[in-house]
Amino acid sequence: RYCDVSNNTVQQDATDILETIPPNIEEFIASNNNIRGSLPASLNNLPKLRQFNMASNSLSGILPGFTESFAILEELDVSNQTNGVKGPVPENLWKCLSLKILNLADNMLTGTVPSVVGNLAVL
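Remember, predicted model here, so these are calculated numbers, not experimental data.

**Student:** For this particular structure, what's the right way to read the overall build of the protein?
**Tutor:** Secondary structure summary: the protein contains 1 helix and 9 strands in total. Reading the protein from its N end, one meets helices and strands in the order β-α-β-β-β-β-β-β-β-β. Radius of gyration (C-alpha) of the protein: 13 Å, near the 14 Å computed for a compact globule of 123 residues. When its C-alpha atoms are laid out on the principal axes, the protein stretches across 40 × 30 × 20 Å. Looking at the protein as a whole, 45% of its 123 residues are labelled buried. Once local pairs closer than 6 in sequence are excluded, the contacts in the protein between residues at least 24 apart make up 55%. Here the protein has roughly 6,300 Å² of accessible surface; of this, 50% comes from carbon and sulfur atoms. Each charge class in the protein was averaged separately, 7 positive and 12 negative side chains, and the resulting centres sit 4 Å apart.

**Student:** Sorry, what's going on with the nonpolar core here?
**Tutor:** Core analysis: the biggest nonpolar cluster contains 29 residues, and Leu 18, Phe 28, Leu 39, Phe 52 and Met 54 have the highest contact counts within it. By residue number, the principal contributor to this core is helix 1 (residues 14-18), which donates 3 residues. Contact partners of Phe 52, with chain neighbours within four places excluded, come to Leu 18, Phe 28, Leu 39, Leu 43, Leu 73, Glu 75, Leu 76, Asp 77 and Val 78.

**Student:** When you look at the packing of aromatic side chains in this model, what are you seeing that I'm missing?
**Tutor:** Two numbers describe a pair of aromatic rings. These are the distance of the centres and the angle of the planes. Evaluation of the coordinates by the stated rule reveals 1 aromatic pair. Pairing Phe 28 with Phe 52 gives two aromatic rings, centres 6.0 Å apart and planes at 25°, and the pair type is stacked. With Phe 28 in strand 2 (residues 27-29) and Phe 52 in strand 4 (residues 51-53), this pair connects stretches of sequence that are 24 residues apart. Phe 28 sits in the buried class, given a relative accessible area of 4%. Relative accessible area serves as the criterion here: at 2%, Phe 52 is assigned to the buried category.

**Student:** Would you explain the environment of Lys 86 in this entry?
**Tutor:** Considering the arrangement of structural elements, one finds Lys 86 in strand 7 (residues 86-88). Using a relative accessible area of 34% as the deciding quantity, one classes Lys 86 as partly exposed. Each C-alpha atom, one on Lys 86 and one on Thr 110, is 7.1 Å from the other, the two residues being 24 residues apart in sequence. If near-sequence neighbours (up to four positions away) are discounted, Lys 86 is found in contact with Gly 61, Ile 62, Leu 63, Met 108 and Leu 109. Looking at Lys 86, its side chain comes within polar contact range of the main-chain oxygen of Asn 83, at 3.5 Å.

Reading the values: the criteria
- Residues numbered from 1 in each chain as written.
- Predicted model: local features only at pLDDT ≥ 70, side-chain atom pairs only at ≥ 80, totals over all residues.
- Heavy atoms only, no water.
- Helix = DSSP H or I, 4+ residues; strand = E, 2+ residues; numbered from the N terminus.
- Rg over C-alpha atoms; globule rule 2.2 N^0.38 Å.
- Buried < 20%, exposed > 50% of the residue type's maximum accessible area, 1.4 Å probe, protein only.
- Contact = heavy atoms within 4.5 Å.
- Areas by Shrake-Rupley, 256 points an atom, 1.4 Å probe, with all protein chains shown as cover.
- Lys, Arg positive; Asp, Glu negative; His and termini not counted.
- Charge placed at Lys NZ, Arg CZ, Asp CG, Glu CD.
- Core = buried A, V, L, I, M, F, W, Y, C linked by side-chain atoms within 4.5 Å.
- Phe/Tyr/Trp six-rings, centres within 6.5 Å; stacked < 30°, edge-to-face > 60°.
- Polar contact = N/O pair within 3.5 Å; in protein donor to acceptor, adjacent residues only side chain to side chain.

Given below as structure tokens:
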């Protein structure tokens, strides 16, 4: 239920890695590598995921929509991407009421932070 491949030289497409993660994974950490490409929509099929950290890679594209299957997500960190994640922050992200850590720093995100961020009481 735990996978940590951080601080290595993994050079692979994010979709190739993330589409093979078992649905019962709780913590996925792959920070400080050279993982490239966009995050796939298949992230929505990880209902037990509590921690997702892919900081300091080469991700690009837009953040996928986050569905109700992320009800227990506590940490989301996709900060410091070489290529920069672009576009607006998905509206559904603000419905992840269990979020304690949200780090989207050093990307190319657009838009505004909605007032519903105040609903994230544990953030």
